[in-house]
Structures are given as C-alpha cells and as structure tokens.
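Read off the chains here:
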Amino acid sequence: MTIVERAGAKAVVKEDAGSKIMRHATVLSGQLQQLRTRMYPPKAEKSLRHFMTNEVSRLTSIPDSTLKLMSSEGRGPVPSRLENNHRVYTLPQINELRELFAKQKPADALRFLPRRRAGEHLQVLAIANFKGGSAKTTTCVHLAHYLALQGYRVLALDLDPQASLSAMFGAQPEVDVGANETIYAALRYEDAERRPIRDIIRKTYFDGIDLIPGNLEVMEYEHETPRVLANKSSSGAIFFERLRLALDEVQDDYDIVILDTPPSLGFLTLSAIYAATSMIITVHPAMLDVASMSQFLLMMGDLIGVLNESGAQLDQDFIRYLITRHDPNDGPQSQVVAMLRHLFGTDVLLPTSIESTAVEAAGLAKRSLYELEMGQIGRDTHKRAREAVDAVNEAIIDLINSSWGRK
C-alpha cells in the first residue's frame with residue numbers, strides 16, 4: 001500500500017514500510033542469486049578438493065610410504081595424478097582406505113575407522129546461543145567437516161530460518177529448498193502432510209555428511225505449536241519430543257548429529273535442547289554478548305524447568321562454552337575470557353576459535369578452512385587459523401569419545 005501526499009501541485013507517492021521491506025528483500029535475493037550463479041554456474045554443484053598423500057597420511061594414520069607402495073602395486077583406491085605427478089585422493093577414496101585397513105587390522109580398527117560401535121549412543125550435539133553473530137554456523141560447519149574428515153558419519157540439521165548452514169553446503173534456501181523439504185516436514189502436526197525424516201535428508205558434496213536444509217518454512221513450527229497447545233489437540237508426541245523421535249528413525253545411519261539452532265528460545269530451540277545429548281554454547285568475549293548469554297541461560301533454565309514439570313528428563317553428556325571470534329591480543333576480550341574461566345572453570349573449552357581473516361575469506365566463498373587449498377590465502381594466516389579450529393574440534397571429539405566410554 002502507498003500513501004499519496006500533496007506537495008504544492010505535485011502528488012508525492014510515499015512507499016509504506018511493508019512495501020519497502022518486500023522490495024528490498026526481492027532486490028537482495030536477486031543479487032544473491034546472481035552472485036551464486038557467478039560462483040556456481042547453473043547445473044554446477046559444490047565439490048570438494050583432492051587431498052595430497054601427506055594430508056591423507058595425517059588424516060588416516062596410514063604412513064605416507066605405505067600409501068605410495070599401495071599405489072605402485074595397484075592395491076586399494078587408485079589416486080589421481082597432478083601435473084607434477086603428485087598423487088591425490090578424493091574423500092570417498094580416503095574412506096575406502098579407512099575401511100580397508102580397519103578390516104585388515106581389526107585390533108586397530110577404531111584408529112582407522114572411529115565410527116560408533118554397538119552400545120554407543122547417537123551423539124546429538126546442539127550448537128546454541130540467544131544472540132546472533134556468535135559464530136554458531138561457522139562452528140557447525142567446521143565441526144561437521146572435521147568430523148567427516150576423521151571418518152565419522154554426520155547429519156547436519158539446519159533449524160535456523162536464515163539457513164546459513166544450508167547455504168554453506170550449497171543449498172540456497174530461496175532457490176534449492178522447496179515446500180515441505182525442511183525439518184518442519186518431519187515435525188508438522190498434520191498426519192497427511194508429515195514426511196519421514198529420511199525423505200528430507202540430502203546427500204552433500206562432502207562425503208560422510210548428510211544435510212537437512214532450512215529456510216523460512218521452519219518458522220511454521222513456531223506458529224503452529226501454540227495453536228495446537230491452545231486447542232489441546234496435539235496429534236502424536238508432545239511438541240518437544242517430536243525432533244528426538246524423528247532422529248530416532250535414522251539413529252543407525254549416523255554417529256553424530258549437529259543441530260544449528262536459531263538465535264532465539266522458541267519451540268524449535270527447546271526441541272533441540274531436549275533432543276540433544278550434548279550442547280556447545282558459543283560466546284563472543286565482549287560484555288554485551290556475555291550479558292545476552294546471561295539472559296539466554298536464565299530463560300533456558302526456566303524453560304527446562306517447564307520441561308521437567310511436563311515429565312521430560314534432560315540427561316546431557318556435556319555442556320560446554322566455546323569462546324568464538326577471539327582476539328588473544330585484545331585486552332578487554334582477555335578480561336572477559338578470564339572472567340568466564342573463573343566463573344565456569346573447565347566448562348569453558350580451553351581452545352578458542354580465533355578471529356581470523358582466513359575464516360572470513362573462506363566464509364565469503366561459502367567454504368570452511370578445510371575446503372581451502374594451500375595458496376588460496378596466506379600460508380601463515382591459514383596455518384594459525386587451521387590450528388585453532390583443529391584444537392577446538394579435537395576437544396569436542398574428546399568429549400564425545402568420553403561420552404561413549406572410549407579412552
């Protein structure tokens with residue numbers, strides 16, 4: 001709707017707020033689609049780089065010399081050759097090597113193929129915070145990629161209507177994700193339209209990682225749940241159980257599920273907390289962010305109390321705080337980090353995700369540090385950022401292994 005005003009002899013048409021917002025959304029969406037088309041031409045899909053023999057050796061603990069001998073003798077997957085004659089492997093070939101060595105050396109099978117075994121529960125890890133900009137999605141992407149590179153089977157689930165995680169995996173929410181193709185399809189209350197969770201899971205270009213994408217549709221769960229609760233006409237499970245029950249359908253297919261939660265404490269976040277076996281709370285070390293996190297924790301505590309009154313039992317393996325976008329040379333940040341460590345002790349992960357131009361450069365290209373090849377950014381910058389991200393992910397894997405009873 002527009003408003004017509006008279007200014008002398010001229011009629012001035014004033015655009016109302018709703019029209020302006022819709023116009024801006026359309027223009028921005030079109031521009032993003034143009035950028036995406038330039039980066040990934042029509043019919044093109046994201047692909048993962050190849051891995052040099054020395055990197056394959058580090059990932060699999062198979063000696064470099066053994067890999068070269070196997071290649072010379074024609075055993076195992078056949079690597080490609082670069083122009084300089086160096087051998088390179090794809091990630092599916094790396095996983096083939098893992099399975100081959102796990103069968104040949106059953107006593108060391110876990111070292112080559114660390115997937116969960118009988119008696120080890122599906123690990124559902126929620127990455128959460130009330131405030132946007134705390135690097136939740138960046139943490140999710142790097143953790144998912146790291147886990148897959150180590151040989152774990154990962155399901156990445158995008159619960160955020162902004163769908164940044166989906167975009168990082170090449171699924172543009174406005175274009176590539178249609179109606180009833182998000183997690184809402186498996187959670188919705190209408191039996192006729194509900195879909196099995198397996199039907200909405202997508203394979204990704206990153207071997208070992210499957211994706212349930214998100215877009216604005218996931219917000220329908222926030223709108224529909226209050227109506228169902230008000231009418232007391234819930235069909236099937238209580239609202240906060242629906243996500244956990246949906247994940248139970250595919251628990252044998254994965255080792256770890258990563259939940260990228262929305263930056264709010266709504267029904268989706270509550271469902272994620274209930275479904276999670278563990279939680280990482282990301283926090284940027286600035287006082288405004290810490291104050292926001294304080295409110296998040298207070299509200300989450302109240303909501304968990306409501307769940308407990310409803311008969312829900314939350315039994316999580318671990319809850320940890322992860323310092324993100326950390327500049328170790330920033331004095332005020334160092335004071336905030338010291339305060340958090342004093343207050344929460346070992347519940348704050350020792351490694352931190354440092355603020356780095358390498359992470360920003362990778363993010364602009366919708367990639368993680370693990371997807372970048374040497375030379376795409378400064379060697380030292382890449383090395384520092386990669387070491388910091390590796391340290392965070394290794395600390396999380398240690399917690400997961402402990403929850404499984406592994407040494």
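Scroll up a little and you will see the structure.
What counts as what
Residues numbered from 1 in each chain as written. Predicted model: local features only at pLDDT ≥ 70, side-chain atom pairs only at ≥ 80, totals over all residues. Heavy atoms only, no water. Helix = DSSP H or I, 4+ residues; strand = E, 2+ residues; numbered from the N terminus. Rg over C-alpha atoms; globule rule 2.2 N^0.38 Å. Buried < 20%, exposed > 50% of the residue type's maximum accessible area, 1.4 Å probe, protein only. Contact = heavy atoms within 4.5 Å. Areas by Shrake-Rupley, 256 points an atom, 1.4 Å probe, with all protein chains shown as cover. Lys, Arg positive; Asp, Glu negative; His and termini not counted. Charge placed at Lys NZ, Arg CZ, Asp CG, Glu CD. Pairing = 2+ DSSP bridges. Axes fitted to C-alpha atoms, helices over the stretch in contact; angles between N-to-C directions. Parallel < 35°, antiparallel > 145°, perpendicular 65-115°, else oblique. Nonpolar A, V, L, I, M, F, W, Y, C, P; charged D, E, K, R; others polar. Phe/Tyr/Trp six-rings, centres within 6.5 Å; stacked < 30°, edge-to-face > 60°. Lys NZ or Arg CZ within 6 Å of the ring centre and 35° of its normal. Expected span 1.5 Å × (residues − 1).

**Let's talk about the overall build of the chain**
Scanning the chain from terminus to terminus reveals 16 helices and twelve strands. For 407 residues, the compact-globule estimate of 2.2 N^0.38 gives 22 Å, and the chain sits close to it at 23 Å. Its C-alpha atoms put the chain at 85 × 60 × 55 Å along the principal axes. Put simply, the chain has 407 residues, and 48% of those count as buried. Restricting to contacts in the chain with at least 6 residues of sequence separation, those with at least 24 account for 75%. Entry remark: accessible area of the chain is about 20,100 Å², with carbon and sulfur atoms responsible for 54%. When the 46 basic and 51 acidic side-chain charges of the chain are each reduced to a single mean position, those positions are 4 Å apart.

**Things to note about the sheet that holds strand 8 (residues 202–203)**
Ordered in space as 8-9-7-10-6-11-12, the seven strands form an open sheet in which the pairing is mixed. At either end of the open sheet lies a strand with only one pairing partner, and these are strand 8 and strand 12 (318–323). Note: strand 7 (residues 154–158) against strand 10 (residues 256–260), five bridges, orientation parallel. The residue bridging D158 from the neighbouring strand is D260, located in strand 10. Lying over the sheet, helix 13 (residues 287–309) contacts strand 6 (123–128), strand 11 (278–283) and strand 12, oriented at roughly 150° with respect to strand 11.

**A look at the pairing of strand 6**
Along strand 6, six of the six residues are buried, which leaves the element largely enclosed by surrounding structure. Across the two faces of strand 6 the burial is the same, with Q123, L125 and I127 and V124, A126 and A128 all buried. Summarising the sheet, strand 6 and strand 10 pair through five bridges and their orientation is parallel. Among the inter-strand pairings, Q123 is bridged to a residue of strand 10, identified as I256.

**Remarks on the sheet that holds strand 3 (residues 51–52)**
Read across the open sheet, the three strands follow the order 3-5-4; overall the sheet is antiparallel. With partners counted over all chains shown, the strands left at the sheet margins are strand 3 and strand 4 (80–81), one partner each. Where strand 4 lies against strand 5 (residues 87–89), two bridges are found, and the strand directions are antiparallel. Each bridged residue has a counterpart across the sheet, and for R81 the counterpart in strand 5 is R87.

**Considering the packing of helix 6 (residues 136–149) against helix 16 (residues 379–403)**
Close contact between helix 6 and helix 16 brings their axes to 10 Å; oriented N to C, the two are set at 70°. As far as their axial angle goes, helix 16 and helix 6 are roughly perpendicular. The segment helix 6 lies against helix 16, with H142, L143, Y146 and L147 engaging V389, D390, N393, E394, I396 and I397. Split into classes, the residues belonging to the contact of helix 6 with helix 16 amount to six nonpolar, two polar and two charged.

**Some remarks on the packing of aromatic side chains**
Within this structure, the stated rule accounts for ten aromatic pairs. Taking 5.8 Å as the distance between ring centres and 50° as the angle between the ring planes, the aromatic pair formed by Y146 and Y370 counts as tilted. With Y146 in helix 6 and Y370 in the loop between helix 15 (357–364) and helix 16, this pair connects stretches of sequence that are 224 residues apart. One exposure class covers both Y146 and Y370, and it is buried. With a centroid separation of 4.7 Å and an interplanar angle of 15°, the aromatic rings of Y321 and F344 are classed as stacked. With Y321 in strand 12 and F344 in helix 14 (residues 331–344), the pair connects residues that are 23 residues apart, well separated along the chain. Taken together, the ring pairs connect F239, F240, F267 and Y274 into an aromatic cluster. The ring of Y274 carries R244 above its face, with NZ or CZ at 4.1 Å from the centroid.

**Considerations on helix 6**
Look at helix 6: 20 Å from first C-alpha to last across 14 residues, which is about the 20 Å you get at 1.5 Å a residue. Of all the 14 residues making up helix 6, 13 are buried; the element is thus mostly covered by neighbouring parts of the structure. Downstream of helix 6 by a residue or two, G151 has a phi angle that is positive, lying close to 105°.

**Considering unusual backbone geometry**
Positive phi is not limited to glycine here, since S61 has a value of about 65°. On the basis of relative accessible area, S61 is assigned to the partly exposed category, the value being 32%. Look at R325: it is not a glycine, yet its phi comes out positive at around 50°. Along the chain, the position of R325 falls in the loop between strand 12 and helix 14. Taking the relative accessible area as the measure of exposure, R325 reaches 32% and is therefore partly exposed.

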